[in-house]
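Take a look at the letters that make up each chain.
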Amino acid sequence: MPTRFYHRMGMVKRGWFDQSFPAELQLQQIRSFQPDWLMGMPSTIRRIAALMRQRGEQPGFAARGIVLGGELLTETTRELIESSFHCRVYNRYSCVELWAMAYECRHGNLHVEDDLVHLEVIKDGLPVFQEHGQLVCTSLIHRHLPLIRYQNGDEGKLSSQSCSCGNTALVLSEIGDYRVRENSLARLWSPVVTLLENSFQRNFVLGEFQLRLAADGHGASLHYERGPRFTASTPQALRQALADFAPELNIEMVENARFDTEMSFKFSPLTVVNPPNCSRMLLH
Ligand SMILES: [Zn+2]
């Protein structure tokens, strides 16, 4: 019986791949599974895409689409993944407490899953619409631990707009700086992460990188791994790029360091390290 028959019956074969495994092993497992769809975190799938690009390999399977979530999805990462896997990427917005809250449609709009969650946006303590503010979430399905008007720490904007896909649910946007507070170090340093992605990672000079900032604003370190086009002059170019942004700050460069990850190997390219005895705040 063809697989498609089972899909029509709602019986979809699923495979789970450990995100802590090296990209090479994950790629082998995915190829052997031959998925129609892939779901994962942007940093995980990006590593696999970068490995294929580095080796000049094709995916070896024909995915119809890739659904990404759990981390900030930048345009650089989206382009790399779409061009490597030859399929469309769909973004998803969720948080661990409420799970899925919005899915991107084929026209690029992130529609709220309004049968699962009720979303609001507040600014200065007051509800706003079509304005950027803090998200307030109410689960419509969790009965054992109901979360009502729960502020999950993320920011965004809700708007109503007609979409050609036919979905009339509200559209969520501007969630890029979620968990970044006003006046935080991270908001200040976000452009540097974009610069590193566009000028170094996109060109395969750098592999993964993580910029760690001390909460007191007096220390920073750039942890990175080499990409295939890394050369002897790359460290100096990196130093220069960072010095242009913050000339007074001596930024420590650490190669091949172990990257800090949140639970489930969630990865952030920008972290603020609080003083000892305080929990570390992970930022996107
Ligand atoms: Zn739509």
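1. Points about unusual backbone geometry
Note on backbone geometry: most residues besides glycine have negative phi, and most peptide bonds are trans. With a phi close to 65°, Trp99 is a non-glycine residue in the positive phi region. Secondary-structure assignment places Trp99 in strand S4 (residues 99-104). One non-glycine residue with positive phi stands out, namely Glu174, at about 55°. Positionally, Glu174 belongs in the loop between strand S10 (171-173) and helix H5 (185-201). What makes Glu174 partly exposed here is its relative accessible area of 42%.

2. Some thoughts on the coordination of the zinc ion
Ideal geometry at a metal centre: 109.5 degrees between donors when four sit tetrahedrally, and 90 or 180 degrees when six sit octahedrally. For the zinc ion, the protein coordination sphere consists of Cys105 (SG), His111 (NE2), Cys163 (SG) and Cys165 (SG), at 2.1 to 2.3 Å. Coordination at the zinc ion is tetrahedral: its four donor atoms span angles of 102 to 115° at the metal. Each donor residue of the zinc ion belongs to the same chain, and together they define the spacing C-x5-H-x51-C-x1-C. Judged by its relative accessible area of 12%, Cys163 falls in the buried class. Taking relative accessible area as the criterion, Cys165 reaches 23% and is therefore assigned partly exposed.

3. Here we look at the nonpolar core
With 23 residues, the main nonpolar core has Trp189, Leu211, Leu222, Tyr224 and Leu238 as its most contacted residues. Going through the elements one at a time, H5, strand S11 (206-214), strand S12 (220-226), helix H6 (234-245), strand S13 (251-255) and strand S14 (270-273) are the ones with two or more residues in this core. Leu238 has contacts with Leu196, Phe200, Leu206, Leu222, Tyr224 and Met253, leaving out every residue within four places of it along the chain. In this structure, Leu27, Ile48, Ile81 and Phe204 belong to the second largest nonpolar core, which totals 20 residues.

Rules used in this analysis
- Residues numbered from 1 in each chain as written.
- Predicted model: local features only at pLDDT ≥ 70, side-chain atom pairs only at ≥ 80, totals over all residues.
- Heavy atoms only, no water.
- Helix = DSSP H or I, 4+ residues; strand = E, 2+ residues; numbered from the N terminus.
- Buried < 20%, exposed > 50% of the residue type's maximum accessible area, 1.4 Å probe, protein only.
- Donors = N, O, S within 2.8 Å, 3.2 Å for Na, K, Ca; no water.
- Tetrahedral: all angles 85-135°; square planar, octahedral: opposite > 155°, others 65-115°.
- Core = buried A, V, L, I, M, F, W, Y, C linked by side-chain atoms within 4.5 Å.
- Contact = heavy atoms within 4.5 Å.

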